[in-house]
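Per-entry structural report
Residue-level listing of the chains:
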Amino acid sequence: MQTGDIFTDYEQGMQRLLDFLGSQHPRRGEAQTYQQRLLENLTCSRQYGDTEEKHMTTENEITLDQALALARRLTPSDQLRLIARLAPQVAQALEQATPATPATPATPRTPLYGRLAAHGPAPSAETIDATRREIWTGFPREDV
């Protein structure tokens, strides 16, 4: 723990809270998660400063892997809240990125008409009926 900077009181206060809760408190694990998050935030603030301009610079941007690692450390309910907050933003971004007209296929489709022409003319309805009768004549049947 660093001494003498403006963030030390936050670290000490969090430690006092953990000491107050004790090792058997049912929510101690949750408090330790908050302590870890606080320490990470204070480390970043010490490294990059704590002004709004510093937060907006590209050197503070995190990678996708870092964001996923942070998200995995959230409780399942916090992960669900994260998804609920991100989903509308992603949907809006996709709507803006999607063109208004449907995309045309890369290669034009050939029509189906005439694909079976090499097999000769189609059988007539009479031929189909005659074949059907011929096939079904030997079929065993029990009259009801």
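Scroll up to find the structure this text is about.
Predicted model, so just to flag it, every value in this text is computed and none were measured.

**Points about the pattern of salt bridges**
A pair can form between side chains of opposite charge whenever their charged atoms are brought close. In the structure shown here, the tally under the stated rule is 6 salt bridges. Across the pair Arg46 and Glu11 runs a salt bridge, and its minimum N-O distance is 2.9 Å. With a gap of 35 residues between them, Arg46 in helix H2 (residues 28-48) and Glu11 in helix H1 (residues 8-21) connect regions that are remote in the sequence. Among the residues examined, Arg46 registers a relative accessible area of 23% and is labelled partly exposed.

**With respect to the environment of Ile83**
For Ile83, the position within the fold is in helix H5 (residues 76-97). Separated by 12 residues in the primary sequence, Ile83 and Ala71 have C-alpha atoms spaced 9.9 Å apart.

**Side note on the packing of H1 against H2**
Any two packed helices are characterised by how steeply their axes cross, that is the angle between the axes, and by the distance between the axes. At a minimum axis distance of 10 Å, the contact between H1 and H2 shows a crossing angle of 170 degrees. Relative to H2, H1 is oriented roughly antiparallel. Together, Thr8, Tyr10, Glu11, Met14, Gln15, Leu18, Asp19 and Leu21 of H1 and Arg28, Ala31, Gln32, Tyr34, Gln35, Leu38, Leu39, Leu42 and Arg46 of H2 make up the contact between the two elements.

**Some remarks on H2**
It helps to recall that an α-helix has 3.6 residues per turn; residues three or four apart then point in one direction. Taking 1.5 Å per residue as the helical rise, H2 with its 21 residues ought to reach 30 Å, and the 30 Å between its terminal C-alpha atoms agrees with that figure. By the burial criterion, the buried members of H2 are Arg28, Ala31, Gln35, Leu42 and Ser45. Across the axial projection of H2, the buried residues extend over an arc of 95 degrees, all falling on one side. Looking at H2, the residues exposed on the side facing more than 90 degrees away from the buried face are Asn41 and Gln47. In this structure, the buried residues of H2 make contact with H1. One or two positions beyond H2, positive phi appears at Gly49, with a value near 95 degrees.

Here is what the cut-offs are and how they apply
Residues numbered from 1 in each chain as written. Predicted model: local features only at pLDDT ≥ 70, side-chain atom pairs only at ≥ 80, totals over all residues. Heavy atoms only, no water. Salt bridge = Lys/Arg side-chain N within 4 Å of Asp/Glu carboxyl O. Helix = DSSP H or I, 4+ residues; strand = E, 2+ residues; numbered from the N terminus. Buried < 20%, exposed > 50% of the residue type's maximum accessible area, 1.4 Å probe, protein only. Axes fitted to C-alpha atoms, helices over the stretch in contact; angles between N-to-C directions. Parallel < 35°, antiparallel > 145°, perpendicular 65-115°, else oblique. Contact = heavy atoms within 4.5 Å. Expected span 1.5 Å × (residues − 1). Arc of directions from axis to C-beta.

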